[in-house]
Amino acid sequence: MASNTESLEPTSITATDTTMESTQGTTRNESLLEDFNLESLEGKRITAFCQAFKKTLDRVLAPGKPEKFNNVYRAVRAQNPEAFSSITEQMMQNARENIETEFKLMIKQEDLVDLFGELDKIRESQMTDTDQDQKEAWRPSGIPSVDCQDHIMHIKLAYKDQLQKMLQQIEQENEQLKETVLPKREKIISKEQELIKNKKLEMVVQTCQNVDVKKLQQQGVLLKTM
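Treat the numbers as computed from the prediction; the structure is a model and nothing was measured. For every chain, the first residue of the written sequence is number 1, and numbering continues from 1 onward in sequence order. Local features in this predicted model are restricted to residues of pLDDT 70 or higher, and side-chain atom pairs are both shown and tallied only at a pLDDT of 80 or more, whereas totals for entire chains, interfaces and linings draw on every residue. For the side-chain quantities, the full set of heavy atoms in the structure was used; hydrogens and water were omitted.

Caption draft 1: Spatial organisation of the pattern of salt bridges. We count a salt bridge whenever a side-chain nitrogen from Lys or Arg sits within 4 Å of a carboxyl oxygen from Asp or Glu. As enumerated under the stated definition, the model contains two salt bridges in all. One salt bridge connects Arg 45 with Asp 120, and the closest N-O pair in it is separated by 2.6 Å. Taken as a pair, Arg 45 in helix 2 (residues 44-61) and Asp 120 in helix 6 (residues 112-135) lie far apart in primary sequence, 75 residues in all. Burial here depends on accessible area, computed with a 1.4 Å probe over protein chains only, as a share of the maximum for the residue type. Under 20% is buried, over 50% is exposed, and the range in between is partly exposed. On the basis of relative accessibility, which here comes to 28%, the residue Arg 45 falls in the partly exposed class. For Asp 58, the salt bridge identified is with Arg 96, shortest N-O distance 3.1 Å. One end of the pair, Asp 58, is in helix 2; the other, Arg 96, is in helix 5 (residues 81-109), and 38 residues separate them in sequence. A residue is classified by how much of its surface remains accessible, and Asp 58, at 40% relative accessible area, is partly exposed. Secondary structure elements follow DSSP: runs of H or I no shorter than four residues count as helices, runs of E no shorter than two count as strands, and numbering proceeds from the N terminus.

Given below as structure tokens:
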């Protein structure tokens, strides 16, 4: 039995050394979480999230109780109970600390505190909006002619939208007619002006035709002789 205990002692030392090395690896992450504490977090949803994590962690580590190790590794425990209990306790403690550290890092790196805080604000604003809606809910006044106005209003608004659409269509058609009529009107005006010019020319021609050319020649001769 003495030889067995002596053979177990170096293994216990190496086990503790390995656990110490793992804890040294986590100290780097723990340095980032010096002022970070799950219990100090404020907000309904972040606290509920942390509570759910703690319950889940307890259930996950529940099979690692000392009684379980004692039942499974009876022969090893019989060789050196004190070393066995210290190794198992330290192993479970390191496992819990590592998981909690990773959980804290996830919360900090993913900025879950602010995200859950924004979610709380959104939920509170929705609750206040619903409260206002409940306070401003419609109630009948007891006068049918007045109460019916609220029920008929959506029908009138729908009819108003239809009239506005019809008005827009008519305005568009008027614009199209303007685009087609205006150039034709300009053409008509230009033709009227041409006709007026032609009429004036015809009048001039007629007056010229009515003039006696012989008399004009005689008058011209008389003017020359004078």
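Caption draft 2: Inspection of a nonpolar patch on the surface at higher detail. A contiguous nonpolar surface patch, about 280 Å² in accessible area, is contributed by Val 72, Tyr 73 and Val 76. Inspection of the secondary structure assignment puts Val 72 in helix 3 (residues 66-72). The patch calculation keeps residues exceeding 30% relative accessible area without a salt bridge and links them within 9 Å when they carry like charges or within 5 Å when they are nonpolar (Val, Leu, Ile, Met, Phe, Trp, Tyr). In short, Shrake-Rupley with a 1.4 Å probe defines the accessible areas, and a residue's cover is counted only from the protein chains shown.

Caption draft 3: The arrangement of unusual backbone geometry in detail. Look at Asp 111: it is not a glycine, yet its phi comes out positive at around 55 degrees. Mapped onto the secondary structure, Asp 111 falls in the loop between helix 5 and helix 6. Of the residues examined, Asp 111 reaches a relative accessible area of 36% and is grouped as partly exposed.

Caption draft 4: Representation of the packing of aromatic side chains. Here the aromatic set is Phe, Tyr and Trp, taking the six-membered ring for Trp, and pairing holds for ring centres within 6.5 Å; pairs whose planes are under 30 degrees apart are stacked, those over 60 apart are edge-to-face, and all others are tilted. This model, assessed by the stated rule, comprises four aromatic pairs. On the numbers, 5.5 Å between centres and 35 degrees between planes, the contact of Phe 49 with Phe 116 is tilted. Of this pair, Phe 49 sits in helix 2 while Phe 116 sits in helix 6, placing them 67 residues apart in sequence. The class of Phe 49 is partly exposed, set by a relative accessible area of 28%. Judged by relative accessible area, which is 19%, Phe 116 ranks as buried. Relative to Phe 103, the ring of Phe 53 has its centre 3.6 Å away and its plane inclined at 0 degrees; by these criteria the two rings are stacked. With Phe 53 in helix 2 and Phe 103 in helix 5, this pair connects stretches of sequence that are 50 residues apart.

Caption draft 5: Expanded view of the nonpolar core. Residues belong to a common nonpolar core when they are buried Ala, Val, Leu, Ile, Met, Phe, Trp, Tyr or Cys residues joined through side-chain atoms within 4.5 Å. Judged by nonpolar contacts, Ile 46, Cys 50, Phe 53, Leu 57, Leu 61, Phe 69, Phe 84, Met 92, Phe 103, Ile 107, Leu 112 and Phe 116 together constitute the single largest core of 12 residues. Top element by residues in this core is helix 2. It accounts for five residues.

Caption draft 6: Layout of helix 2. Helix span, expected: 1.5 Å multiplied by one less than the number of residues in the helix. Taking 1.5 Å per residue, 18 residues should reach 26 Å; helix 2 reaches 26 Å between its end C-alpha atoms and fits that length. All of the buried residues in helix 2 are Ile 46, Cys 50, Phe 53, Leu 57 and Leu 61. Angularly, the buried residues of helix 2 cover 55 degrees about the axis, an arc narrow enough to put them on a single face. Set apart from the buried face of helix 2 by more than 90 degrees, the exposed residues are Lys 44, Gln 51, Lys 55 and Arg 59. The directions from the helix axis to the C-beta atoms form the arc being described.

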